[in-house]
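One letter stands for each residue in the lines below.
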Amino acid sequence: MGRMMTDYNPFDKRISEIEEDDLNNLIDKVAEGWYIEYKGDFPNSKKIAHSIASFANTDGGWYIIGIDSDEATNIAERINPFDLNEHRSPKDKIRNIVTNGINPKPFFESKLVHISDDKAVLIVHIERGGETPYVTNDGRIYERVGEGSDPIPIKDHYTILKLFERSKENKALIENFSKNLFLKSLEQNSEQTFLEVYFYIPPTYGFKFENFYSDEFFNEIRENFSTDVKILEELESTFNLNCDNYYSSISSYIIRNINIPDNYIHLGLTLELFENGNLKVLIPTHNLEPGMSETQVGAAYYLESAIYSRFQELISNITDSVRVIDCYLLFLLIIVINNLHCRILKSHNFNGQLNVRIKISNCNRIMPYFDSEKYIEHILSNGFPICLKPSIEIPEFNNGNALNISLNYQSGVNLGVKVIETLGLPFNLNMAEILSSIGDYLLSLNENHDPE
């Protein structure tokens, strides 16, 4: 089981697993203080925002509505569930308070524990924040002081400076992680475009794979990244990276797809998994060329496509000037790698937020290709979408910028669409139509080839 939290946990289990019996275990035993606060009923929104911001600015903690504490000892005294008829959608209420009352928005999870049909207790777990300071909309910075939340005095420059330094340290970790340390071969430097994807868990989670350096975990990695995974949870379609090269590095494992011996010296499909759950990915794009060999990935599909033949006629005058990228394969690989990462994280009981950064390197003079009539119509109406930039970052790599994604298969689809739009397709195009034949493409890949 993976460790998710570094802060105090009075339940010794994930928030999603907490039930009424766990609440009863707090009674007469656990006092509120630096890491836990009890409320018998909902206070006003401003006070809730103050408490949540204070936990994020300090070391994280638990905010529980529906438990009374003893005034003298602050120890939990009894469960006092609130009325769901009076407080409808309590989780949404907390979410709205955080969204509208705290900037930036700290990460939190919540669980509604039903005591009866119309009575419940709300548990909110707030992570130790990484984007400190978290400021409430009254312009104050709150921190935990004993069992309460107090604003930091404006004159307390030391405490405020420490909060800013914490944020800078976390952003520096992100920037250092988002670097490609793998070298391309000489042949790849001029003709190979790479998609670099950096999946990372916010540092404040404190997640680590247990037994990361054991034979058991190494074998688990091999099985995870060499077996089929679903494209979408609701569909039966699967795909396999067929990774066949696994070895360790400094605090990480390298996972590659080699297939043929000559590829050992080239930077092919490469993944690097770290102890903290982070994943670096390098995907070499596949060029579609006139007269391509039937052994090339996707060739069996495109050589039979009337749409692709028409596309080749359209670009016949600029074939020597551009590199045409197989975006169906790129789209599939993004989805599959996201899903494989989700699968291994979930198997170690991580279910929090993921951040991701994407970089397309050496992309000058590339043009995307989608085997779609809609795409051909777009070219005829608007011309060729040829990239003239040496590299593209999604979002721009600075100051810890990242896309926030959920730990699910749909996130892979969303990332794939984001890359497609970045490569030149307008946002207003119907992506479902553009990608309508990708199922046939996937079937062709599964029948004929493994990704190189």
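Anything mentioned here points back to the structure above.
Here's a quick rundown of the structure. Small disclaimer: the values here were computed from a predicted structure and weren't measured.

## What about the overall build of the chain?
Within the chain one finds 13 helices and 23 strands. Each principal axis of the C-alpha atoms in the chain carries an extent, and together these give about 85 × 50 × 50 Å. If you sum the accessible surface of the chain, you get close to 20,900 Å²; carbon and sulfur atoms cover 47% of it. Within the chain, the 65 negative side-chain charges are centred at a point lying 7 Å from the centre of the 40 positive side-chain charges.

## Describing helix α6 (residues 215–226)
In this model α6 runs 17 Å from its N-terminal to its C-terminal C-alpha over 12 residues, within 8% of the 16 Å that 1.5 Å per residue would give. Contacts made by the buried residues of α6 are with β15 (245–249), β16 (252–256), β17 (270–274) and α9 (327–347).

## Overview of helix α8 (residues 306–314)
Looking only at α8, the buried set comprises I307, Y308, F311 and Q312. Within α8, the buried residues cover an arc of 140 degrees as seen down the axis, which keeps them to one side. Turned more than 90 degrees away from the buried face of α8, the exposed residues are A306 and E313. For α8, the secondary structure elements touched by its buried residues are α7 (299–302), β19 (323–326), β21 (366–369) and α10 (373–382). The residue sitting at the N-terminus of α8 and contributing the capping side-chain oxygen is S305; that oxygen lies 3.3 Å from the backbone nitrogen of I307.

## Points about the pattern of salt bridges
Taken as a whole and assessed by the stated rule, the structure comprises 13 salt bridges. One salt bridge in this structure joins E37 and R144, with 2.6 Å as the shortest N-O distance. Pair noted here: E37 is in strand β1 (residues 36–39) and R144 is in strand β10 (residues 142–145), with a separation of 107 residues, a long-range link. In this structure E37 comes out as buried when scored by relative accessible area, which is 5%. Classification of R144 as buried rests on a relative accessible area of 1%.

## What to know about the packing of aromatic side chains
In the structure shown here, the tally under the stated rule is 29 aromatic pairs. The interplanar angle of 45 degrees and the centroid separation of 5.4 Å between the aromatic rings of Y302 and Y308 together place this pair among those described as tilted. Among the residues examined, Y308 registers a relative accessible area of 5% and is labelled buried. Between Y328 and Y441 the ring centres are 5.5 Å apart and the planes differ by 75 degrees, which places this aromatic pair in the edge-to-face class. Of this pair, Y328 sits in helix α9 while Y441 sits in helix α13 (residues 438–448), and the two are 113 residues apart along the sequence. Pair check on accessibility: Y328 and Y441 agree, each one buried. An aromatic cluster is present here, built from Y301, Y302, Y308, F311, Y328, Y369, F370, Y375 and Y441 joined pairwise through their rings. Above the plane of the ring of F397 lies R357, whose end atom (NZ or CZ) is 4.7 Å from the centre.

## Regarding the side chain of T132
Assignment of secondary structure puts T132 in the loop between β8 (119–126) and β9 (135–136). A polar contact of 2.5 Å, which involves the side chain of T132, links it to the backbone oxygen of L163. Excluding anything up to four places from it in sequence, T132 contacts A56, N57, L163, F164, R166 and S167.

## Side note on unusual backbone geometry
Residue P104 follows N103 across a cis peptide bond; omega there is -5 degrees. With omega at 5 degrees, the peptide bond leading from T132 into P133 counts as cis. Mapped onto the elements of the fold, P133 is located in the loop between β8 and β9. In this model, D28 sits at a positive phi of 65 degrees, which is unusual for a non-glycine residue. Relative to the helices and strands, D28 resides in the loop between α1 (20–24) and β1. One non-glycine residue with positive phi stands out, namely N211, at about 55 degrees. Following the sequence through the fold, N211 ends up in the loop between β12 (194–200) and α6. Residue classification places N211 among the exposed positions, given a relative accessible area of 59%.

## Considering the pairing of β12
Taken across its 7 residues, β12 has 7 buried, putting it largely inside the fold. Both faces of β12 are covered, namely the face carrying F194, E196, Y198 and Y200 and the face carrying L195, V197 and F199. Two elements, β12 and strand β18 (residues 279–284), share 6 bridges in a ladder whose sense is antiparallel. Across the sheet, the residue bridging to E196 is L282, located in β18. Examined bridge by bridge, β12 and strand β20 (residues 354–361) share 7 bridges and lie antiparallel to one another. Following the sheet pairing, E196 is matched in β20 by K359.

Conventions we followed
- Residues numbered from 1 in each chain as written.
- Predicted model: local features only at pLDDT ≥ 70, side-chain atom pairs only at ≥ 80, totals over all residues.
- Heavy atoms only, no water.
- Helix = DSSP H or I, 4+ residues; strand = E, 2+ residues; numbered from the N terminus.
- Areas by Shrake-Rupley, 256 points an atom, 1.4 Å probe, with all protein chains shown as cover.
- Lys, Arg positive; Asp, Glu negative; His and termini not counted.
- Charge placed at Lys NZ, Arg CZ, Asp CG, Glu CD.
- Expected span 1.5 Å × (residues − 1).
- Contact = heavy atoms within 4.5 Å.
- Buried < 20%, exposed > 50% of the residue type's maximum accessible area, 1.4 Å probe, protein only.
- Arc of directions from axis to C-beta.
- Polar contact = N/O pair within 3.5 Å; in protein donor to acceptor, adjacent residues only side chain to side chain.
- Salt bridge = Lys/Arg side-chain N within 4 Å of Asp/Glu carboxyl O.
- Phe/Tyr/Trp six-rings, centres within 6.5 Å; stacked < 30°, edge-to-face > 60°.
- Lys NZ or Arg CZ within 6 Å of the ring centre and 35° of its normal.
- Pairing = 2+ DSSP bridges.

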